[in-house]
Amino acid sequence: MTLPSDAFRHVASRAHEPLRTFHPRRATLGRDRERALAHLWPRFGFSVHDDALGRAPLRADGSLDVAALFGRFAPLVLEIGSGMGETTVAMAAADPSRDYLAVEAHLPGVANLLVLIERAALTNVRVAHGDALDLVRRHVPEGTLDAVHVFFPDPWPKARHHKRRLVQPAHVALLRSRLRVGGTLHCATDWADYADQMLEVLTADPGLENTADGFVARPAHRPVTKFEQRGIDLGHEVRDVVMRRTR
Ligand SMILES: C[S@@+](CC[C@H](N)C(=O)[O-])C[C@H]1O[C@@H](n2cnc3c(N)ncnc32)[C@H](O)[C@@H]1O
């Protein structure tokens with residue numbers, strides 16, 4: 001089988017929305033991740049953009065066949081931008097009654113998550129390579145997700161790049177529509193102005209309510225990733241916000 005590559009970006013950015021929420025980066029894999037891709041991708045991975053690279057199981061109506069993907073039907077958590085996958089694996093291991101679908105645009109992160117899935121012998125994690133927003137728009141039906149996790153999305157600190165930020169009104173409305181009523185959208189960032197933007201945008205969405213009064217302390221079930229630790233070491237304050245779909 002052909003294995004995924006980061007070439008999807010060129011195809012995808014022409015065909016869909018030109019503004020991507022992630023940085024174009026070169027992918028260097030290394031031996032363990034190459035091996036994980038070769039052995040584990042066919043079992044645990046699929047490509048958002050290219051069926052030839054591993055197809056998502058879809059129903060006749062084009063929606064993701066979650067039961068076929070996981071081999072069971074359980075509440076589904078979608079993680080957008082899983083990075084190296086440490087959080088996905090820790091949360092999924094502690095929460096075996098739910099299934100976790102991690103979507104990551106950067107191939108080394110996808111491959112690293114495959115390594116971690118195998119190491120932890122997890123059966124409730126799958127990984128998609130590509131743009132999570134494209135996947136959600138095209139293949140995730142309304143009202144079907146139990147939770148959406150957006151942890152430390154690219155901060156796009158320059159004002160002219162803010163339009164690339166993941167947490168913005170249109171994306172929040174999209175993600176909210178895919179949650180079941182009562183499902184949660186959990187976001188975290190270590191960038192102060194992005195945290196404020198998150199709270200503002202999330203609060204303004206008419207179908208979401210805050211589960212707390214503003215930000216919450218990091219819930220114990222969300223582990224600190226290396227990426228987050230780098231922010232903390234730089235003196236950044238980490239903020240979490242957990243919203244619930246109301247209607
Ligand atoms: C700053 S990193 C944080 C990674 C991880 N969540 C953590 O806390 O360590 C953000 C990640 O989100 C990914 N990303 C951003 N937008 C994405 C999208 N639309 N679809 C999939 N991945 C995305 C990037 O490739 C990057 O790996």
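Remember, predicted model here, so these are calculated numbers, not experimental data.

Any chance you could explain the overall build of the chain here in plain terms?
Assigned secondary structure in the chain consists of 9 helices and 8 strands. The globule rule puts the C-alpha radius of gyration for 247 residues at 18 Å, and the 17 Å found for the chain is close to it. Taking the principal axes of the C-alpha coordinates as reference, the chain spans close to 50 × 40 × 40 Å. Looking at the chain as a whole, 41% of its 247 residues are labelled buried. The long-range fraction of contacts in the chain, counting pairs at least 24 apart against all pairs at least 6 apart in sequence, stands at 77%.

What's the story with the pairing of strand 2 (residues 76-80) in this structure? I'm lost.
Regular strands place their side chains on alternate faces of the sheet. The element strand 2 is largely enclosed, with a buried count of 5 among its 5 residues. The two faces of strand 2 match: L76, L78 and I80 on one face and V77 and E79 on the other face are all buried. With 5 bridges joining them, strand 2 and strand 3 (residues 99-104) adopt parallel strand pairing. When the bridges of strand 3 are listed, E79 appears paired with A102. A crossover links strand 2 with its parallel partner strand 3, the connecting element being helix 4 (residues 86-93), and its sense is right-handed. As paired strands, strand 2 and strand 5 (residues 145-151) are joined by 3 bridges and run parallel to one another. Bridge pairing in strand 5 places E79 opposite H149.

Looking at this structure, I do not really get the UniProt feature "binding site: S-adenosyl-L-methionine" (unreviewed entry) in the chain. What am I missing?
With numbering aligned to this structure, UniProt lists the feature "binding site: S-adenosyl-L-methionine" (unreviewed entry) at E79, E104, D131 and D154. Over a stretch of 76 residues, the named residues converge on one spot in the fold, their C-alpha atoms separated by at most 14.0 Å. Within the element layout of this structure, E79 appears in strand 2. Along the chain, D154 falls in the loop between strand 5 and helix 7 (169-178).

What is the right way to look at the UniProt feature "binding site: substrate" (unreviewed entry) in the chain in this model?
Under the local residue numbering, the UniProt record ascribes the feature "binding site: substrate" (unreviewed entry) to K158, D190, T225, K226, F227 and E228. A maximum C-alpha distance of 23.8 Å is found for the annotated residues, which run over 71 residues; spatially they are spread out rather than grouped. Within the secondary structure, T225 sits in the loop between strand 7 (208-210) and helix 9 (226-233). Apart from residues lying up to four places away in sequence, T225 is in contact with G83, E86 and T87. Tracing the backbone through its elements, the reader meets K226 in helix 9.

Help me understand helix 2 (residues 31-44) in this model?
Think of an α-helix as turning once every 3.6 residues; residues three or four places apart then point the same way. The end-to-end C-alpha distance of helix 2, which contains 14 residues, comes to 19 Å, matching closely the 20 Å that a straight helix rising 1.5 Å per residue would cover. At A38, helix 2 shows its largest kink, close to 40°, and the proline P42 lies no more than four residues downstream. Among the residues of helix 2, R33, A36, L37, W41 and F44 are the ones counted as buried. Buried positions along helix 2 lie against strand 1 (45-47), helix 5 (107-120) and strand 4 (125-129).

I keep staring at the nonpolar core and nothing clicks. Help me out?
Soluble globular proteins: nonpolar side chains tend toward being buried together. In terms of nonpolar packing, the biggest core is built from 58 residues, with V103, L114 and V148 touching the most fellow members. Sorting elements by how many residues they give to this core places helix 5 first, with 7 residues. Those residues within four positions of V148 in sequence are excluded, and the remaining contacts are L78, I80, L175, L179 and L185.

Even after reading the chapter, I still don't get the site of the ligand, so can you show me in this structure?
Around the ligand, the surrounding shell holds 23 residues, and the nearest of these are F22, G81, G83, T225 and F227. Among the secondary structure elements, those contributing two or more residues to the shell around the ligand are strand 3, helix 6 (132-139) and helix 9. Of the residues contributing to the shell around the ligand, the split by class is 11 nonpolar, 8 polar and 4 charged.

Quick question: what am I supposed to make of the packing of helix 6 against helix 7 here?
Helices that pack against each other are described as a pair by the angle of their axes relative to one another and the distance between those axes. One can describe the packing of helix 6 onto helix 7 by two numbers: an axis separation of 11 Å at closest approach and a directional angle of 50°. With respect to helix 7, the axis of helix 6 lies oblique. Seen from above, helix 6 lies across helix 7 with left-handed handedness. Seen from helix 6, the contacting residues are L133, V136 and R137; seen from helix 7, they are H171, L174, L175 and R178. Its residues assigned to classes, the contact of helix 6 with helix 7 comprises 4 nonpolar, 1 polar and 2 charged.

Criteria and cut-off values
Residues numbered from 1 in each chain as written. Predicted model: local features only at pLDDT ≥ 70, side-chain atom pairs only at ≥ 80, totals over all residues. Helix = DSSP H or I, 4+ residues; strand = E, 2+ residues; numbered from the N terminus. Rg over C-alpha atoms; globule rule 2.2 N^0.38 Å. Buried ≥ 20, exposed ≤ 12 C-beta atoms within 10 Å, placed from the backbone. Contact = placed C-beta atoms within 7 Å. Pairing = 2+ DSSP bridges. Right-handed = clockwise from strand over helix to strand, strands pointing away. UniProt positions renumbered as here; feature names shortened; annotations may be inferred. Expected span 1.5 Å × (residues − 1). Bend = angle between axes of the 7 residues up to and from the residue. Core = buried A, V, L, I, M, F, W, Y, C linked by C-beta atoms within 7 Å. Near = placed C-beta within 6 Å. Nonpolar A, V, L, I, M, F, W, Y, C, P; charged D, E, K, R; others polar. Axes fitted to C-alpha atoms, helices over the stretch in contact; angles between N-to-C directions. Parallel < 35°, antiparallel > 145°, perpendicular 65-115°, else oblique. Left-handed = near helix turned anticlockwise from the far one by under 90°.

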